[in-house]
Amino acid sequence: MEKYGLRLLALATSVCLIGRWNQALQTTRIPYTDVGHRAQIVGRFDQPIGDYLVLEGIRIGSAQHPSKLGFDNFKVEKINGKPLGTPVKIWVDELTPKPAGTRCTAEGYETGEMIGVPDQVLDRTGRPGPQAPWQFAVRFVVLSARQTK
């Protein structure tokens, strides 16, 4: 009897876990008018899109322009004075004149947009897909950038 009880418990646990997994995979529909009011999109710095951010870090690399491969030139170590657990690399045009290794601060905010072409459009039109898949892309809008000590 105990053997059947353990099997039943294992089955019940599996059903619960699968149910939660399926809920996690479901898409939540949010009207665009709710974004920024009732719903917030969180950017790559774990802050709501549109929040004013002060990024502190180091100018990295020698590239003068971003590439389709996503070269980055700024390793962000602090946000609003708080250290990040893991630095985040981004591209900041305004830092290109600075040499690698220079400590910098960039102030601004994150914004975003949908890029690529939706799969349904590609299926219906037979068009080849673009390099970037249909996705929400976040970018940092720089209001000021400067070298710091």
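Residues numbered from 1 in each chain as written. Predicted model: local features only at pLDDT ≥ 70, side-chain atom pairs only at ≥ 80, totals over all residues. Heavy atoms only, no water.

## A word on the nonpolar core
Here is step 1 of the chain: Core analysis: the biggest nonpolar cluster contains 14 residues, and F45, L55, F74, V76, I90 and F140 have the highest contact counts within it.
Here is step 2 of the chain: Elements that contribute at least two residues to this core include exactly β1 (53–59), β2 (74–79), β3 (82–90), β4 (103–115) and β5 (135–147).
Here is step 3 of the chain: It is β2 that contributes the most residues to this core, three residues altogether.
Here is step 4 of the chain: Leaving out residues up to four positions away in the same chain, F140 has contacts with R44, L53, L55, I90, A106, E107, G108, Y109 and E110. (Core = buried A, V, L, I, M, F, W, Y, C linked by side-chain atoms within 4.5 Å. Buried < 20%, exposed > 50% of the residue type's maximum accessible area, 1.4 Å probe, protein only. Helix = DSSP H or I, 4+ residues; strand = E, 2+ residues; numbered from the N terminus. Contact = heavy atoms within 4.5 Å.)

## Points about a nonpolar patch on the surface
Here is step 1 of the chain: On the surface, a nonpolar cluster with roughly 500 Å² of combined accessible area is contributed by I30, V35, I41, M114, W134 and F136.
Here is step 2 of the chain: Considering the arrangement of structural elements, one finds F136 in strand β5.
Here is step 3 of the chain: By relative accessible area, which is 35% here, F136 ends up partly exposed. (Patch = residues over 30% accessible without salt bridge, like charges linked within 9 Å, V, L, I, M, F, W, Y side chains within 5 Å. Areas by Shrake-Rupley, 256 points an atom, 1.4 Å probe, with all protein chains shown as cover. Salt bridge = Lys/Arg side-chain N within 4 Å of Asp/Glu carboxyl O.)

## Structural notes on the sheet that holds β4
Within a sheet, neighbouring strands are paired by backbone hydrogen bonds and run either parallel or antiparallel to one another.
Here is step 1 of the chain: If you trace the five strands from one edge of the open sheet to the other, you get β3-β2-β1-β4-β5, paired in antiparallel fashion. Two strands lie at the open edges of the sheet, namely β3 and β5, each paired on one side alone. Adjacent strand axes in the sheet meet at a mean angle of 40 degrees when their direction is disregarded.
Here is step 2 of the chain: When β1 meets β4, the two strands line up antiparallel, connected through six bridges. Across the sheet, the residue bridging to V54 is E107, located in β4. (Pairing = 2+ DSSP bridges. Axes fitted to C-alpha atoms, helices over the stretch in contact; angles between N-to-C directions.)

## Examining unusual backbone geometry
Here is step 1 of the chain: Look at D46: it is not a glycine, yet its phi comes out positive at around 65 degrees.
Here is step 2 of the chain: Mapped onto the elements of the fold, D46 is located in the loop between α1 (2–25) and β1.
Here is step 3 of the chain: Overall, D46 belongs to the exposed group, its relative accessible area being 61%.
Here is step 4 of the chain: The residue N80 is not glycine, and still its phi comes out positive at about 50 degrees.

## As for the environment of Q40
Here is step 1 of the chain: Structurally, Q40 is set in the loop between α1 and β1.
Here is step 2 of the chain: Among the residues examined, Q40 registers a relative accessible area of 59% and is labelled exposed.
Here is step 3 of the chain: C-alpha of Q40 to C-alpha of G50: the two residues are 10 residues apart in sequence and 9.4 Å apart in space.

## Structural notes on the side chain of T96
Here is step 1 of the chain: Mapped onto the secondary structure, T96 falls in the loop between β3 and β4.
Here is step 2 of the chain: A polar contact is formed between the side chain of T96 and the backbone oxygen of D93, at a distance of 3.0 Å. (Polar contact = N/O pair within 3.5 Å; in protein donor to acceptor, adjacent residues only side chain to side chain.)

## A look at the pattern of salt bridges
Here is step 1 of the chain: If you walk through the whole model with that rule in mind, you get four salt bridges.
Here is step 2 of the chain: The residue D34 makes a salt bridge to R38 at a minimum N-O spacing of 3.7 Å.
Here is step 3 of the chain: Given the relative accessible area of 15%, D34 is considered buried.
Here is step 4 of the chain: Note that E77 is salt-bridged to R103, the shortest N-O span being 2.8 Å. Highlighted residues: E77 in strand β2 and R103 in strand β4, separated in sequence by 26 residues.
Here is step 5 of the chain: For E77, a relative accessible area of 21% puts it in the partly exposed group.

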